Amino acid sequence: MPKVVYIDHQDNEYVVEVENGESLMQAALDNDVPSILGDCGGACACATCHVYVDPSWMEKAGEPSETETEMLDGLIDPQPTSRLCCQIFMSDELDGITVRLPESQF
Ligand code: FES
């Protein structure tokens, strides 16, 4: 099964196996990865699943939708690598994708 590497703001790593098609937000919740809240259940409406995608994975992670881009604009600390991880869905191509977690979602 493909894996995601989540790294929190204290550099702790969480390596999680994720089924193809599952979102990185849901996988984080299911595996007790801290800092991901996912309050809206993955509807791209809360921005509490903010992550910083490792730059080397940005292209494979794909472009955010218009709705996601609008949500990203409202973040307290957006970066060029910011994504909402409920909008990134696992695939074989993303095996090993690394995302960093913000200190806080608010
Ligand atoms: Fe709400 Fe991602 S879970 S925007």
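Before any of the text, the structure's been laid out above.
Criteria and cut-off values
Residues numbered from 1 in each chain as written. Predicted model: local features only at pLDDT ≥ 70, side-chain atom pairs only at ≥ 80, totals over all residues. Heavy atoms only, no water. Core = buried A, V, L, I, M, F, W, Y, C linked by side-chain atoms within 4.5 Å. Buried < 20%, exposed > 50% of the residue type's maximum accessible area, 1.4 Å probe, protein only. Helix = DSSP H or I, 4+ residues; strand = E, 2+ residues; numbered from the N terminus. Contact = heavy atoms within 4.5 Å. Pairing = 2+ DSSP bridges.

Novice: Go over the nonpolar core with me, naming the residues and quoting the values.
Specialist: In terms of nonpolar packing, the biggest core is built from 28 residues, with Val4, Tyr6, Leu24, Ile36, Val53, Ile97 and Val99 touching the most fellow members. Contributions of two or more residues to this core are made by β1 (3–7), α1 (24–30), β3 (50–53) and β5 (97–100). The element best represented in this core is α1, accounting for four residues. Once you skip the residues sitting within four places of it in the chain, Ile97 turns out to touch Lys3, Val4, Val5, Leu24, Val53, Trp57, Ala61 and Met90.

Novice: Describe in detail the pairing of β1, supporting the description with residues and values.
Specialist: Within β1, four of the five residues are buried, leaving the element largely enclosed by the surrounding structure. Here five bridges tie β1 to strand β2 (residues 13–17), and the two strands are oriented antiparallel to one another. Following the sheet pairing, Tyr6 is matched in β2 by Tyr14. Between β1 and β2, which follow one another and run antiparallel, lie five residues, and Asp11 among them has a positive phi close to 70°.

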